[in-house]
Amino acid sequence: MDGAAGPGEGPAHETLQTLSQRLRVQEEEMELVKAALAEALRLLRLHGSSASLQGSGTPAPTRDSSTPAPPGLPPTCSPSLVSRGTQTEGQLEMEPSSEPPGLSNGPPALQGGSEEPSGTQSEGGCSSSSGAGSPGPPGVLRPLQPLQRSDTPRRNSSSSSSPSERPRQKLSRKAASSANLLLRSGSTESRGSKDPLSSPGGPGSRRSNYNLEGISVKMFLRGRPITMYIPSGIRSLEELPSGPPPETLSLDWVYGYRGRDSRSNLFVLRSGEVVYFIACVVVLYRPGGGPGGPGGGGQRHYRGHTDCVRCLAVHPDGVRVASGQTAGVDKDGKPLQPVVHIWDSETLLKLQEIGLGAFERGVGALAFSAVDQGAFLCVVDDSNEHMLSVWDCNRGVKLAEIKSTNDSVLAVGFSPRDSSCIVTSGKSHVHFWNWSGGAGVPGNGTLARKQGVFGKYKKPKFIPCFVFLPDGNILTGDSEGNILTWGRSVSDSKTPGRGGAKETYTIVAQAHAHEGSIFALCLRRDGTVLSGGGRDRRLVQWGPGLVALQEAEIPEHFGAVRAIAEGLGSELLVGTTKNALLRGDLAQGFSPVIQGHTDELWGLCTHPSQNRFLTCGHDRQLCLWDGEGHALAWSMDLKETGLCADFHPSGAVVVVGLNTGRWLVLDTETKEIVSDVTDGNEQLSVVRYSPDGLYLAIGSHDNMIYIYSVSSCGTKSSRFGRCMGHSSFITHLDWSKDGNFIMSNSGDYEILYWDVAGGCKLLRNRYESRDREWATYTCVLGFHVYGVWPDGSDGTDINSLCRSHNERVVAVADDFCKVHLFQYPCARAKAPSRMYSGHGSHVTSVRFTHDDSYLVSLGGKDASIFQWRVLGAGGSGPAPATPSRTPSLSPASSLDV
C-alpha cells in the first residue's frame, strides 16, 4: 500500500499538522533540556564535593558502569568510544545542526520514544520539509535543495582555524580537515572556556542536537551534520580493524578500446602482441585462436601514466613504445603536466620520460624516426600553436622546436628514408618539414616548413592520415574520400639573388576511394596499401597505381574504421570508432576480440552465481560480459540511457533503470523484455531486489522509493507501496538480510530506514536500526563505512562503494579516478586503504563478483571497464604499484574526422 497522504488533506492541513508535530517535539526537548541542566548541576555538585574530599586527603567517589544513570538518560558508555575535540566527558552535545527546529536524532531515551530524521516528515511517511534558509511563509519548513555535481576539477580547501572552532563554521565547499569531517558525540577533552549550554544563536546558527557520549558518531559534509549510531556490540572503536586490508587487487582485464576520438592507437609488436590504449592504461593483448576465430588470449598492462593516454608510436625495433598523455589536475587542483613515456614492452619498465613541463594540454601525435636506429622522436602537442618538437630518445633532450600551425594537427611521421624529412597533416593542410639536427646539441636544431600545394585540386577540410611509399611518394587520405599522391619536385630558382633550387611538394595523382572521410591508411609488407573509410565502413586494398584489388565492409554496429595494423600472415587488426577491436582478413571477414562502451558508464551489477556482470550507460547499450572468457556475451540497444541495474537472486532476469523513469525487466538468456514499467518522469538512480527476490525497490530522482512485489522467477511484479520521506533524490539503498527493511541515502546526505514489510513505513527512530544486518552494503553513508570518506570531502567525492560478500573488505569508487580497498567495517576517521589507479575519469561504480574473486569498476567518461583479481593475504602476487600523482577527468576533445 502507498504511504501517501489521504484525499482531502490540503496544504493548510499539512501545515497545521507540521506545526502541531513541531510543538510536540519542542515540548519533549524542553523536558530533555531540564533533565540535562539537572544532570549538569549534579555533576557540578559532585565535582565540588570531589574537590573538597581531595583537599582533605580523602579519595573522590567514582562512578562505574554499575552505577545507574539519572532518570530519563541512558547509561554512559566507555570513554574509549569517544573521540577528541568535541566536548567534556559527561556533557551533552550542543553542536549546531542544519536540521529544522524541533527535530532530534537521539536514541529513544533521549526522545521520549520518538525520533525524526534530518528531513521533516509528515505523518504516514510523506515528505513535507527539510532544511532551512529558503524564503517562504513563517512556520512552514522548506525542502533543502539537492546539491548539484560540478564538472570543474575538485579541490581540497584548507583552514588554519582550530578544531574547536571549525564545527561552528558554515562550510561553503569542503570541510577543512578530519577534525571538521568526523566529530564524535562526547569527548574526554573540554572545548575551552565556551559553555556549550549557553552557545549563542543568531543568523545562520543551527538547532542544537542532543546526544550522549558513545551513542553516535557525527560527520559533516558541506556543513551538514550526519549522525550515525554505533551498534550495541561495539564497546570501543579500538576493537575495530585498523590498517589496510590484507587483500590486494591486480588488474586482470580491461574491456574497451579508445577508438571513438583518438588516432595512432593500434600497433603490432615484434612479439605479436597488439598494443592499444584506453583511459590511463596501455594494453598489450595476446590474441588467441586463428584469424577470424574467437578471441581468448591474454592481456598485460603498462600503467605508468597519470592521465589519459592519447597516442602511441612503436620503435623500429618492435619492442620499445612511446605513449603520450593528456594534461589534467589532481584532487588538490594541482596541474598534471602532459608527458611522453618511452618504455620496454617486454619488461613494462619505463626507460625515458620526455617533455615533462614542455607540452601544453596534451600530446596529440608522435612518431619515431625510421632510420638512425630510431634515435629521434617527433612530438606535436595540443597547444594553440601545436608546437612541433624533435627529441633525442636516449638522452631525453629536445633538439629542435617550432610553432606548427593554429589548425588541428592529426598525424606526424618521419620519412622512412630520411630522418631530416618530417610530415604533418591535419585541418586543411599537409606540411613538409626539413629538420637540421644541429650536431645533436639540445635546442640547436632547426625546422623549416614547406606547404603542400593543392593546385587545381580541391583543398579538403581535413587530412587525417598519410603513409610513405617505397618510391618516396606520400599518400594522404582526406575528408572528401580521396587518396592523393604527393611527389617532390626540384626546379631552378629564377629569382635574382635567391640562387639554388626550389623544392616543392605537389599532387601527382588523385583517386576517389571512399564515401566520406578516410580515417586510416596502412602500408602492407607486400607493398599494397589499405584504406579505411568512415561513412561507408569499407576496408579497401590498393595495388600500384591505386588500383582496387579487394575490399570488405565492417558491420554497422562496430562503427567506422579508425585504425589498421598488419598482423601475422594475412591477418589484420582493425580498430573502430565504436571502441571495438576486430581481427580477421579481407577474404573471411572480421570478428571482434575486444569490445567496449562508447560513452559515460553508470550502471553495473554482477550475476548472483556466475562470473558475469552487466553494464549500461549514456551510449544506450546494455551489455552482459563473461568475466571468465573476457568477452561480450550479448548486447542490446535500450533506446534510452541506462543508469542502474540489478540481477534477480535467481539470475533468470535483470532489471534496468533508465533516465526517463522507465525500468525494464529482461530475460538474461533471450534478452526478451518481460516487463516495462514507468514510475514518475525523472531518472532512476538505483534498482535493487530483496535477498529473497520477493520485493524490488526502485530509487528515483523524484525523492521516492517505489516498492514492487515480485514473483518467484522475477518475471511478474505489482506495485506494493512507496517510501516517501526523503527531501532529495535517492542515491543508494540496501536491503536487510531478512528482506523486510531498507536503508537509503539521498542527495542531501540523509540516512533513512524503512519498514517495507510493515507497509513502507519510515522508521523515525534511526537509533533502533543500529544493529540491523544488511544483505548488501552499497550505501555510501553509514556507521560501518564512514571511515572511507577522505579528509575535506564535499559529499560528492565518493560515487559508489560495495562490501564484499564475505564482509571482509569494502571497495570504493571515488571522483578522482581511483579505486580503493578498505577493511570492513571501516569506522575510523581517515582509515588507510589500498589505492589503485588506471581510470582516466571519475569512477562511477564498483561491484564484487558472486564469489569475491573479482572486482569490477567502471570509468565514467573514459568508458572503460576494469576487471580486478582479488588476491588474499597470501595471494600469488604483489599489488600493482600506485603512481604518486592522481589522474583527473580527461574530456574527449579530439575532433572526430
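Residues numbered from 1 in each chain as written. Predicted model: local features only at pLDDT ≥ 70, side-chain atom pairs only at ≥ 80, totals over all residues. Heavy atoms only, no water.

S.K.: I tried to follow the overall build of the protein on my own but got confused; where do I start?
M.R.: Across its full length, the protein holds three helices and 61 strands. When the 897 residues of the protein are sorted by exposure, 56% land in the buried category. A separation of at least 24 residues holds for 55% of the contacts in the protein among residues at least 6 apart in sequence. As displayed, the protein has an accessible area near 35,300 Å², and 50% of this comes from carbon and sulfur atoms. (Helix = DSSP H or I, 4+ residues; strand = E, 2+ residues; numbered from the N terminus. Buried < 20%, exposed > 50% of the residue type's maximum accessible area, 1.4 Å probe, protein only. Contact = heavy atoms within 4.5 Å. Areas by Shrake-Rupley, 256 points an atom, 1.4 Å probe, with all protein chains shown as cover.)

S.K.: For this particular structure, what's the right way to read the packing of aromatic side chains?
M.R.: Given two aromatic rings, their pairing is described by the distance between the two centres and the angle made by the two planes. Taken as a whole and judged by the stated rule, the model has 21 aromatic pairs. Aromatic pair Phe-432 and Tyr-505: ring centres 3.9 Å apart, planes at 5°, arrangement stacked. Of this pair, Phe-432 sits in strand β25 (residues 429-436) while Tyr-505 sits in strand β30 (residues 501-512), placing them 73 residues apart in sequence. The class of Phe-432 is buried, set by a relative accessible area of 2%. A residue is classified by how much of its surface remains accessible, and Tyr-505, at 9% relative accessible area, is buried. (Phe/Tyr/Trp six-rings, centres within 6.5 Å; stacked < 30°, edge-to-face > 60°.)

S.K.: What exactly am I supposed to notice about the sheet that holds strand β34 (residues 547-553) here?
M.R.: Pairing between sheet strands relies on hydrogen bonds along the backbone, with the strands arranged either parallel or antiparallel. Strand order in the open sheet made by the four strands is β31-β32-β33-β34, with antiparallel pairing throughout. Across the chains shown, the open sheet's two edge strands, defined by having one partner strand only, are β31 (518-523) and β34. Here the strands of the sheet are splayed against their neighbours by 20° on average, with no regard to which way each runs. Judged from the five bridges that link them, β31 and strand β32 (residues 529-533) form a sheet pairing that is antiparallel. Bridged to Leu-521 within β32 is Ser-531. (Pairing = 2+ DSSP bridges. Axes fitted to C-alpha atoms, helices over the stretch in contact; angles between N-to-C directions.)

S.K.: Is there a simple way to think about the pattern of salt bridges in this case?
M.R.: Side-chain pairing between opposite charges can occur once the charged atoms of the two side chains come close. In the structure shown here, the tally under the stated rule is 26 salt bridges. For the salt bridge of Asp-536 with Arg-538, the shortest nitrogen-to-oxygen distance reads 3.0 Å. For Asp-536, a relative accessible area of 12% translates into the label buried. Between Glu-571 and Arg-583 there is a salt bridge, and its shortest N-O distance comes to 2.8 Å. Separated by twelve residues along the polypeptide, Glu-571 in the loop between β35 (561-566) and β36 (572-576) and Arg-583 in strand β37 (residues 581-585) bring together distant segments of the chain. Per residue, the accessibility class of Glu-571 equals that of Arg-583, and both read buried. Each of Lys-737, Glu-773, Arg-803 and Glu-807 takes part in a single network of salt bridges with overlapping partners. (Salt bridge = Lys/Arg side-chain N within 4 Å of Asp/Glu carboxyl O.)

S.K.: Quick question: what am I supposed to make of the nonpolar core here?
M.R.: Side chains that are nonpolar tend, in soluble globular proteins, to be buried together. Counting 42 residues, the largest nonpolar core has Leu-266, Tyr-276 and Leu-855 as the members making the most contacts within it. Counting residues per element, this core draws most heavily on strand β8 (residues 248-255), which supplies five residues. Other than its neighbours up to four places away in sequence, Tyr-276 contacts Gly-256, Tyr-257, Asn-265, Leu-266, Val-281, Val-282, Val-283, Tyr-285, Gln-299, Leu-312, Leu-581 and Ile-594. Within the second largest apolar cluster, 33 residues are counted, among which are Leu-240, Ile-751, Ile-798 and Val-810. (Core = buried A, V, L, I, M, F, W, Y, C linked by side-chain atoms within 4.5 Å.)

S.K.: Help me understand the layout of surface pockets, please; the structure alone is not making it clear to me.
M.R.: Of the voids in this model, the second largest pocket is the one considered here, and its volume is about 1,400 Å³. Looking at the second largest pocket, it is lined by 39 residues, and the ones nearest its centre are Phe-267, Val-314, Val-467, Leu-521 and Leu-523. Within the residue set of the lining of the second largest pocket, elements represented by two or more residues are β9 (267-268), β13 (309-314), β19 (363-368), β23 (409-414), β27 (465-468), β31 and β35. For the lining of the second largest pocket, the residue count by class is 29 nonpolar, six polar and four charged. (1 Å grid on protein atoms, 1.4 Å probe; cavity = no way out; pocket = protein on both sides within 12 Å on 5 of 7 lines; lining within 4 Å. Points joined across faces, edges and corners; volume = space filled by probe spheres on them. Nonpolar A, V, L, I, M, F, W, Y, C, P; charged D, E, K, R; others polar.)

S.K.: When you look at the environment of Val-654 in this model, what are you seeing that I'm missing?
M.R.: In this structure, Val-654 sits in strand β44 (residues 653-658). A relative accessible area of 0% places Val-654 in the buried class. Along the backbone, Val-654 and Thr-668 are 14 residues apart, and their C-alpha atoms lie at a distance of 6.4 Å. Not counting chain neighbours up to four residues away, the residues in contact with Val-654 comprise Cys-605, Leu-614, Asp-646, Phe-647, Leu-664, Val-665, Leu-666 and Thr-668.

S.K.: Where do I start with empty space enclosed by the protein in this structure?
M.R.: Where empty space is left in the structure can be found by rolling a water-sized probe over the atoms. Under the criterion given, the structure shown has seven cavities of 30 Å³ or more. Computed from the structure, the largest cavity encloses a volume of approximately 140 Å³. Every residue lining the largest cavity is counted, 16 residues in all, and those nearest its centre are Tyr-229, Tyr-753, Ser-769, Arg-770 and Phe-783. When contributions to the lining of the largest cavity are tallied by element, the ones reaching two or more residues are β7 (224-229) and β53 (751-755). Ranked by the residues each element gives to the lining of the largest cavity, the list is headed by β7, at three residues. Here the residues of the lining of the largest cavity are counted per class, giving nine nonpolar, four polar and three charged.

S.K.: Help me understand the sheet that holds β44 in this model?
M.R.: Read from one edge of the open sheet, four strands run β43-β44-β45-β46, paired in antiparallel fashion. On the outer flanks of this sheet lie β43 (642-647) and β46 (673-678), each paired with one strand and no other. On average, each strand axis in the sheet is inclined to that of its neighbour by 20°, with strand direction left out of account. As paired elements, strand β45 (residues 662-667) and β46 share five bridges and run antiparallel to each other. Across the sheet, the residue bridging to Val-665 is Ser-675, located in β46.

S.K.: I keep staring at the pairing of β44 and nothing clicks. Help me out?
M.R.: Looking down a regular strand, the side chains alternate between one sheet face and the other. β44 sits mainly inside the fold: six of its six residues count as buried. Where burial is concerned, the two faces of β44 agree: the one with Val-653, Val-655 and Gly-657 and the one with Val-654, Val-656 and Leu-658 are both buried. Both β43 and β44 contribute to a ladder of five bridges, which runs antiparallel. Counterpart to Phe-647 in the pairing with β44 is Val-654. Counted along the chain from β43 to the antiparallel partner β44, the turn is five residues long, and its residue Gly-651 has a positive phi close to 80°. Relative to β45, β44 runs antiparallel, the two sharing five bridges. Across the sheet, residue Val-656 finds its bridge partner in β45, namely Leu-664.

S.K.: Just checking my understanding: could you explain the pairing of β27 for this structure?
M.R.: Side chains Cys-465 and Val-467 project from β27 onto one buried face, and the interleaved Phe-466 and Phe-468 project onto a second face that is buried too. Here β27 folds back onto strand β28 (residues 474-477) in antiparallel fashion, the turn holding five residues, of which Gly-472 has a positive phi close to 100°.

S.K.: Got a minute to help me understand the side chain of Thr-326 in this structure?
M.R.: When you line up the elements, Thr-326 lands in the loop between β14 (320-325) and β15 (328-329). In this structure the side chain of Thr-326 is engaged in a polar contact, spanning 3.0 Å, whose partner is the backbone oxygen of Arg-361. (Polar contact = N/O pair within 3.5 Å; in protein donor to acceptor, adjacent residues only side chain to side chain.)

S.K.: Sorry, what's going on with the confidence of the model for the protein here?
M.R.: Where the model shows low pLDDT, its predicted coordinates should not be examined in detail. On average, the protein scores 79 in pLDDT, and the residues at 70 or more come to 74%. A low-confidence stretch, residues 52-106 stays under pLDDT 50, and its non-local contacts, those more than four residues away or across chains, total 163 contacts. Segment residues 290-295 is flagged for pLDDT under 50; beyond a separation of four residues in sequence, or across chains, it makes 15 contacts in the model. (pLDDT = per-residue confidence, 0-100.)

S.K.: Quick question: what am I supposed to make of unusual backbone geometry here?
M.R.: Phi is mostly negative for residues that are not glycine, and the peptide bonds are mostly trans. Looking along the chain, the bond that leaves Tyr-824 and enters Pro-825 is cis, with omega of -5°. When you line up the elements, Pro-825 lands in the loop between β57 (819-823) and β58 (834-836). Notably, Asp-372 is not glycine yet its phi reads approximately 60°, a positive angle. For Ser-428, which is not a glycine, the phi torsion comes out positive at approximately 60°. Mapped onto the elements of the fold, Ser-428 is located in the loop between β24 (421-426) and β25. On the basis of relative accessible area, Ser-428 is assigned to the partly exposed category, the value being 27%.

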